[in-house]
Amino acid sequence: MTTVRTTLPRRCSPAAFWRGRLRRTRTRRLLETHLLVLLLCAAVAAVSLFLSYRQTQRGAAALAAREAPAVQGLAATRLAALRADQEAHALVTAHLVDVAGSGETYRSQLSAADQGLSRIADRTDQDLGTVNGLLATYGNSLGLGTSMYRDQPLMREQKLDEADSLLTRSKVGLAPRLDALQRVQLRHASATATMGRWQRAGWWLAEIALVAVASTLLSALFVLRDRCGRDWNPYLVAAFVLTVLLAVFPLLTATAAEDRLAGALGDLGRITEMSRHTGPGLAAAQQSVAQESEEVRRELAAGDWADRIYQGTVVGGLLVVVLPALGLGLRLDSDYWRRR
């Protein structure tokens, strides 16, 4: 009775089950099949990891270098243009136009708007020519309305009204055109920061291939110990540990990067909403936009460590291909291939 009880668990164990499945196949054929499956699955996993992780890194770099600065620059330009109009009208209303040194605020705002457009010219594929022309004409009208026609209030009022029309005219004014540019640029930023369908498929393929590699490595180790009476093959053990690491750390890093990009994208949306503010709180809106922009820059710069994970992923992917080839190739060469 004791013998039956001790042998029954052995017959039902995973090792006994797998031994029974493989018993009809010769050892050499088993090892060669394991080697072929490992090479194929490891190559698929390495390529999928490389391409998927690289796409994540490119998205983060593009958002930090191009898309986010473009969204921030358009928001700052719109607020500066509105603030310039507000300050010019405040000078006229307070009868300070003829005072020496007046008008510096609205001029500095116009200069800030112009510099903002210049800075984002190489960071967007949108055509800024019309907006640049409108901004120049708008600034010229404000300048004429505040510095000329001192003794002609009607002409001064006409120029200021002309500047208002250039700024706020529906669809073709400076502010509506900047609004349209902001919406398009925010969509570009969203497309850059969001993981696409093919990229997700690449991650799924990489994880499935890594699971196949890990399972095949365990099977190869079992065959070597069960059929060949060998100790644990160090190449295969190292490859198994590395496979587990590759299945966990790159995916966690990519997920953290996507969360970081999603947070930055939300901040960019808030910046765009702040830039649509009108009325007396434009100065506060400009300050809020500047603070949010700095927060976005810090948030995007916090992911620099992911580059080291990417480098480790590339090296690890190569090793996952090489180590099983060495472990099984050397064993086959010493036990079978040299006997031909």
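Note that this is a predicted model, so its numbers are computed, not measured. Here the residue numbering is sequential within each chain, running from 1 through the sequence in written order. Per-residue local features of the predicted model are confined to residues with pLDDT of at least 70, and side-chain atom pairs are confined, for both listing and counting, to 80 or more; whole-chain, interface and lining totals are unaffected and use all residues. To obtain the side-chain values, all non-hydrogen atoms of the structure were included, while hydrogens and water were left out.

1. A word on helix α6 (residues 153-168)
Turn by turn, an α-helix covers 3.6 residues, leaving residues three or four places apart pointing in a common direction.
Here is step 1 of the chain: Between the first and last C-alpha of α6 there are 22 Å, a value that for 16 residues agrees with the 22 Å anticipated at 1.5 Å per step.
Here is step 2 of the chain: For α6, the complete set of buried residues consists of R156, K159, L160, A163, L166 and L167. Down the axis of α6, the buried side of the element spans an arc of 115°, and every buried residue falls inside it. In α6, the exposed residues that point more than 90 degrees away from the buried face are L154 and T168. Numbering goes from the N terminus for both helices and strands, where a helix is a DSSP run of H or I of at least four residues and a strand is a run of E of at least two. By this rule the span expected of a helix is its residue count minus one, scaled by 1.5 Å. Throughout, exposure labels follow a simple rule: accessible area from a 1.4 Å probe, protein chains only, divided by the maximum for the residue type, with under 20% read as buried, over 50% as exposed, and the rest as partly exposed. Arc definition: it is the arc formed by the directions from the helix axis to the C-beta atoms.

2. A word on a nonpolar patch on the surface
Here is step 1 of the chain: Only residues whose relative accessible area exceeds 30% and that form no salt bridge are eligible for patches; like-charged ones are grouped when within 9 Å, while nonpolar side chains (Val, Leu, Ile, Met, Phe, Trp, Tyr) are grouped when within 5 Å. Surface accessibility follows the Shrake-Rupley procedure with a 1.4 Å probe radius. Residue values consider only the protein chains on display as shielding. Basic side-chain nitrogens of Lys or Arg form a salt bridge, by our definition, when they fall within 4 Å of a carboxyl oxygen of Asp or Glu. Taken together, the side chains of W232, V237, V241, V244, L245, V248, F249 and L252 define a hydrophobic patch exposed on the protein surface, amounting to about 710 Å² of accessible area.
Here is step 2 of the chain: Position of W232 among the secondary structure elements: in the loop between α8 (197-227) and α9 (234-275).

3. Examining unusual backbone geometry
Here is step 1 of the chain: Even without a glycine there, the phi angle at K171 is positive, about 70°.
Here is step 2 of the chain: Inspection of the secondary structure assignment puts K171 in the loop between α6 and α7 (174-193).

4. Observations regarding the pattern of salt bridges
Here is step 1 of the chain: One pass over the full model with this rule turns up 7 salt bridges.
Here is step 2 of the chain: We note a salt bridge from D179 to R276, for which the minimum N-O separation is 3.7 Å. On the criterion of sequence distance, the pair formed by D179 in helix α7 and R276 in the loop between α9 and α10 (282-301) is long-range, its members being 97 residues apart.
Here is step 3 of the chain: E273 is paired through a salt bridge with R276; the nearest N and O atoms lie 3.0 Å apart.
Here is step 4 of the chain: Put simply, R78, D179, E273 and R276 are held in one network by salt bridges that share partners.

5. Some remarks on the nonpolar core
Here is step 1 of the chain: Buried Ala, Val, Leu, Ile, Met, Phe, Trp, Tyr and Cys residues form a nonpolar core when they are joined through side-chain atoms within 4.5 Å. By size, the foremost hydrophobic cluster in this structure holds 44 residues, and its most contacted members are L63, Y138, L142, L174 and L268.
Here is step 2 of the chain: Breaking this core down by element, the ones donating at least two residues are α3 (27-93), α4 (104-120), α5 (129-147), α6, α7, α9 and α10.
Here is step 3 of the chain: No other element matches the 13 residues that α3 contributes to this core.
Here is step 4 of the chain: Every residue pair with non-hydrogen atoms within 4.5 Å of one another is taken to be in contact. In contact with L63, other than residues within four places in its own chain, are A68, P69, A189, T192, A193, L261, A264, L268 and L300.
Here is step 5 of the chain: Counting residues in hydrophobic clusters, the runner-up holds 29 residues, among them L31, L49, A206 and L242.

6. Brief notes about the packing of aromatic side chains
To describe a pair of aromatic rings, one takes the distance between the centres and the angle between the planes.
Here is step 1 of the chain: Put simply, two rings from Phe, Tyr or Trp (the six-membered ring, in Trp's case) pair if the centres are within 6.5 Å, and we call them stacked under 30 degrees between planes, edge-to-face over 60, tilted for the rest. Enumeration over the complete set of coordinates arrives at 3 aromatic pairs.
Here is step 2 of the chain: Three or more aromatic residues joined by ring pairs form one cluster here, namely F50, Y53, W203 and Y310.

7. What to know about the layout of surface pockets
Here is step 1 of the chain: Taken as a whole, the largest pocket encloses approximately 470 Å³ of empty space.
Here is step 2 of the chain: Along the wall of the largest pocket there are 22 residues; nearest its centre are Q72, A76, R119, S293 and R297.
Here is step 3 of the chain: Looking at the lining of the largest pocket, the elements that each hand over two or more residues are α3, α4 and α10.
Here is step 4 of the chain: The leading source of residues in the lining of the largest pocket is α3, at 9 residues.
Here is step 5 of the chain: Under the convention adopted here, Pro, Cys and the residues Ala, Val, Leu, Ile, Met, Phe, Trp and Tyr are nonpolar, Asp, Glu, Lys and Arg are charged, and Gly plus all remaining residues are polar. For the lining of the largest pocket, the per-class residue count stands at 14 nonpolar, 5 polar and 3 charged. Residues are called lining when one of their atoms sits within 4 Å of a cavity or pocket point, these points coming from a 1 Å grid over the protein atoms alone, where a cavity is a set in which a 1.4 Å probe fits but cannot get out and a pocket is an open set with protein on both sides within 12 Å along at least five of seven lines. Grid points are joined across faces, edges and corners, and a volume is the space filled by probe spheres set on the points.

8. Looking at the packing of α4 against α5
Here is step 1 of the chain: Helix axes are fitted to C-alpha atoms over the stretch in contact, other axes to C-alpha atoms as well, and angles between N-to-C directions run from 0 to 180 degrees. In the contact formed by α4 and α5, the axes pass within 11 Å of each other and the chain directions differ by 170°. Here α5 runs roughly antiparallel to α4, going by the angle between their axes. Between α4 and α5, the residues in contact are Y106, L110, A113, D114 and L117 and V131, N132, L135, Y138, G139, L142, G143 and T146, respectively.
Here is step 2 of the chain: A class-by-class count of the residues in the contact of α4 with α5 yields 8 nonpolar, 4 polar and 1 charged. When an angle is under 35 degrees it counts as roughly parallel; over 145 it counts as roughly antiparallel; between 65 and 115 it counts as roughly perpendicular; any other value is oblique.

9. With respect to the packing of α5 against α6
Here is step 1 of the chain: Contact pair α5 / α6: the axes reach a minimum separation of 8 Å and the direction vectors enclose 160°. One element, α5, and the other, α6, form an angle in the roughly antiparallel class. With respect to the hand of their crossing, α5 and α6 are arranged in left-handed fashion. Contacts from L134, T137, Y138, S141, L142, L144, G145 and T146 of α5 reach α6 at R156, K159, L160, E162, A163, L166 and L167.
Here is step 2 of the chain: Its residues assigned to classes, the contact of α5 with α6 shows 8 nonpolar, 4 polar and 3 charged. Less than a right angle of anticlockwise turn of the near helix away from the far helix marks a crossing as left-handed, whereas a clockwise turn marks it as right-handed.

10. Looking at the side chain of T216
Here is step 1 of the chain: By the secondary structure assignment, T216 is in helix α8.
Here is step 2 of the chain: You can call T216 buried: its relative accessible area is 12%.
Here is step 3 of the chain: At a separation of 2.7 Å, a polar atom in the side chain of T216 contacts the main-chain carbonyl oxygen of A212.
Here is step 4 of the chain: Other than its neighbours up to four places away in sequence, T216 contacts H34, V37 and L38. Pairs of N or O atoms are called polar contacts if they sit within 3.5 Å, as long as, within protein, a hydrogen donor faces a hydrogen acceptor (for residues adjacent in sequence, only side-chain-to-side-chain pairs).

11. Some points on the environment of S219
Here is step 1 of the chain: Structurally, S219 can be placed in helix α8.
Here is step 2 of the chain: Separated by 188 residues in sequence, S219 and L31 have C-alpha atoms that sit 9.7 Å apart.

12. Some details on the confidence of the model for the protein chain
Here is step 1 of the chain: Across the chain, each position has a pLDDT score giving the predictor's confidence in that residue, from 0 to 100. For the protein chain, per-residue confidence averages 81 on the pLDDT scale, and 82% of positions sit at 70 or higher.
Here is step 2 of the chain: Across the protein chain, the element-wise mean pLDDT spans from 46 in helix α1 (residues 2-12) up to 90 in α7.

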